[in-house]
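# Report on the structure
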Amino acid sequence: MAKHWADFQYEIYLNGMTGAVPRLPTDLTRLEEMAEQRLGPGPVGYVAGSAGNGSTARANRAALDRRRIVPRMLRDVHERDLSVEVLGRPLPAPLALAPVGVLSIMHPEAETAAARAAAAQGVPFILSSASSTPMEQVAEAMGDAERWFQLYWAKDREVTRSFLDRAKAAGFSALFVTLDTPLLAWRPRDLDQAYLPFLHGVGTANYFSDPAFRAGLAKPVHEDPNAAVMHFVGMFADPAKTWPDLEFLRENWDGPIVLKGVLHPDDARRAVNAGMDGVVVSNHGGRQVAGSVAAADALPRVVEAAGDRLTVLFDSGVRSGDDIYKALALGARAVLVGRPYAYGLGLDGQAGVEHVIRCLLAELDLTLALSGHSGPTTLGPDDLAEETV
Ligand SMILES: Cc1cc2nc3c(=O)[nH]c(=O)nc-3n(C[C@H](O)[C@H](O)[C@H](O)COP(=O)(O)O)c2cc1C
Ligand SMILES: CCCCC(=O)C(=O)O
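Residues numbered from 1 in each chain as written. Chains lettered and ligands numbered in written order. Predicted model: local features only at pLDDT ≥ 70, side-chain atom pairs only at ≥ 80, totals over all residues. Heavy atoms only, no water.

Take Met73: it is sitting in the loop between strand 1 (67–69) and strand 2 (84–86). Residue Met73 is classed as exposed on the basis of its relative accessible area of 57%. Separated by 297 residues in sequence, Met73 and Leu370 place their C-alpha atoms 7.9 Å apart. (Helix = DSSP H or I, 4+ residues; strand = E, 2+ residues; numbered from the N terminus. Buried < 20%, exposed > 50% of the residue type's maximum accessible area, 1.4 Å probe, protein only.)

Written out as structure tokens, the structure reads:
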């Protein structure tokens, strides 16, 4: 019998009988405020912040909230199984941790603690190119657990080649290429504090540990860290890239390639033509295009364009199990979650990230069961109604 994630609920109540309550809230929307009180406005401003006046991030939430679940009754849900296949891999649940850069601003154990949490819960960890920990260290902390690598597609081809080689050697099985960040967006919350996180732990971060990246620096990182950071922001992505450039990645990566940040159905069709394996329907959690379409509103059209030719994943605004349910019902195979686990990490390290994963999946399990589903694979658009207020 598959694991019932909902059992976490009674584990919490049982612990309560001996006087213990969870260290973190089980409504994950409460984490941001708690994190801000503990970690201060710089780091939490960077994590919580978004592009422009925040309208994209608000639209992400509104698009999920506007969709309501229409539960079905009397459908035998006593045995449930949340497992799904993603990119040819069996996963215990339709969830992965999104790539989030510079996690050392949240916790000294940074990506290593988050990756361990993912491994402990059986959820894939997507490591950011902009990780504050070299990818080999993160891989080692994960044993043989499922890990995927997010690529910022650098201007310098040798840096990209080096990252692909290193990721392959370190056992990352799939490549997520982020397309929505050819430049860092206008982010008032960071600008108003002049807070650029990349200086944090600069000497030990993933880029700065890379020989091809270091070869491009005029001076060693420790002699001029500010110049090293400015070199990084100038080269980590390449606004000149176009669709035919994907050939280089296809030739240099044997495993699945997923394009992250696709919102238009025509771009999904182009992904198919470029021989890609999947897309993440995402607006980067509202952090890139101010005024962008909400990710959940873009999802159905991309799903339709993709047909069975691409694995369609989703992120941007997921905060609860019922949000995951809605994304799956709109056609996503699985979802990624970003900020909630970054706050969990900041507040309680590895245990905090595990708490976030367990809350999301317990709530998803219960939402499915209470709505008449024994697993994610039977969900469809008919399970949702759209509020028109
Ligand atoms: C602090 C922070 C850093 C991020 N860094 C990256 C990154 O390095 N690479 C990337 O592809 N996406 C990055 N993202 C975007 C996430 O992968 C994901 O798309 C987004 O967080 C999803 O929205 P959510 O935070 O509402 O779950 C970052 C997001 C946050 C909040
Ligand atoms: C260089 C950008 C990395 C972080 C990122 O993607 C974000 O802040 O959203």
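Inspection of every chain in the model, using the stated rule, returns 14 aromatic pairs. Ring centres of Phe208 and Phe232 lie 6.2 Å apart, and the angle between their planes is 55°; on these two criteria the pair is classed as tilted. In this pair, Phe208 sits in the loop between helix 8 (188–193) and helix 9 (211–215) while Phe232 sits in helix 10 (residues 225–235), placing the two residues 24 residues apart along the sequence. Given a relative accessible area of 3%, Phe232 falls into the buried group. One aromatic cluster in this structure is built from Tyr46, Phe149, Tyr152, Phe163, Phe172, Phe198, Tyr207, Phe208, Phe213, Phe232 and Phe236. For Arg147, the ring lying beneath its charged end belongs to Phe172, and the centroid distance is 5.8 Å. Sitting over the ring of Tyr46, Arg287 keeps its end group 4.9 Å from the ring centre. (Phe/Tyr/Trp six-rings, centres within 6.5 Å; stacked < 30°, edge-to-face > 60°. Lys NZ or Arg CZ within 6 Å of the ring centre and 35° of its normal.)

In the vicinity of ligand 1, 22 residues are found, and the nearest of them are Pro99, Ser128, Thr178, Asp315 and Gly317. One of the side-chain nitrogen or oxygen atoms of Gln150 is found 3.2 Å away from a nitrogen atom of ligand 1. A distance of 2.8 Å is found between an oxygen atom of ligand 1 and a side-chain nitrogen or oxygen belonging to Asp315. In isolation ligand 1 exposes 590 Å². Once the protein is present, 98% of that is buried. For ligand 1, the cavity whose grid points lie within 2 Å of the majority of its atoms is the largest cavity. (Near = heavy atom within 4 Å. Polar contact = N/O pair within 3.5 Å; in protein donor to acceptor, adjacent residues only side chain to side chain. Areas by Shrake-Rupley, 256 points an atom, 1.4 Å probe, with all protein chains shown as cover. 1 Å grid on protein atoms, 1.4 Å probe; cavity = no way out; pocket = protein on both sides within 12 Å on 5 of 7 lines; lining within 4 Å. Sits in = over half its atoms within 2 Å of the grid points.)

Let us look at the site of ligand 2. Near ligand 2 you find Tyr46, Tyr152, Leu184, Arg187, Phe198, Phe232, Phe236, His284 and Arg287, and these make up its full shell. At 2.5 Å, a side-chain N or O of Tyr46 approaches an oxygen atom of ligand 2. Contacts to ligand 2 include His284, whose side-chain N or O atom sits 2.8 Å from an oxygen atom. Protein chains bury 95% of the 280 Å² of accessible surface belonging to ligand 2 in isolation. Classifying every residue of the shell around ligand 2 by side-chain character gives six nonpolar, one polar and two charged. (Nonpolar A, V, L, I, M, F, W, Y, C, P; charged D, E, K, R; others polar.)

If you trace the backbone, Ser173 turns up in the loop between helix 7 (157–169) and strand 7 (174–178). At 2.7 Å, the side chain of Ser173 forms a polar contact with the side chain of Glu146. If sequence neighbours within four positions are ignored, Ser173 has contacts with Arg89, Glu146, Arg147, Trp148, Trp253, Gly255 and Pro256. (Contact = heavy atoms within 4.5 Å.)

Before going further, it helps to examine the pairing of strand 9 (residues 278–281). Going residue by residue along strand 9, you find Gly278 and Val280 tucked away on one face and Val279 and Val281 tucked away on the opposite face as well. Bridge count for strand 8 (residues 257–262) against strand 9 is four bridges, and the pairing is parallel. Its bridge partner lying in strand 9, Lys260 is registered against Val280. The β-α-β motif built from strand 8, the intervening helix 12 (residues 265–273) and the parallel element strand 9 has right-handed crossover chirality. Here strand 9 runs beside strand 10 (residues 311–314); their pairing, made up of four bridges, is parallel. Looking at strand 10, one finds that Val280 is bridged to Leu313. Considered for its hand, the β-α-β crossover made up of strand 9, helix 13 (residues 295–306) and strand 10 is right-handed. (Pairing = 2+ DSSP bridges. Right-handed = clockwise from strand over helix to strand, strands pointing away.)

Relative to each other, helix 3 (residues 41–48) and helix 15 (residues 339–370) sit at 160°, their axes nearing to 10 Å. The pairing of helix 3 with helix 15 is recorded here as roughly antiparallel in orientation. Of the two possible hands of crossing, helix 3 and helix 15 adopt the one that is right-handed. Mapping the contact onto sequence places Val44, Val47 and Ala48 in helix 3 and Arg339, Ala342 and Tyr343 in helix 15. Its residues assigned to classes, the contact of helix 3 with helix 15 shows five nonpolar, no polar and one charged. (Axes fitted to C-alpha atoms, helices over the stretch in contact; angles between N-to-C directions. Parallel < 35°, antiparallel > 145°, perpendicular 65-115°, else oblique. Left-handed = near helix turned anticlockwise from the far one by under 90°.)

What follows concerns the layout of surface pockets. Considering only enclosed or pocket space, the largest pocket measures out at about 340 Å³ in volume. The class makeup of the residues in the lining of the largest pocket is eight nonpolar, four polar and four charged. (Points joined across faces, edges and corners; volume = space filled by probe spheres on them.)

The subject of this paragraph is the pairing of strand 6 (residues 147–151). Most of strand 6 sits out of view: five of its five residues are buried. Neither face of strand 6 is left uncovered, since the one carrying Arg147, Phe149 and Leu151 and the one carrying Trp148 and Gln150 both have all their residues buried. The pairing of strand 5 (residues 125–127) with strand 6 spans three bridges and is classified as parallel. Pairing of Leu127 across the sheet is with Phe149, part of strand 6. Handedness of the strand 5-helix 6 (residues 135–141)-strand 6 crossover: right-handed. Of the strand pairs in this sheet, strand 6 and strand 7 are connected by four bridges, and their pairing is parallel. Directly across from Phe149, in strand 7, lies its bridge partner Leu175. Crossover handedness for the path strand 6 to helix 7 to strand 7: right-handed.

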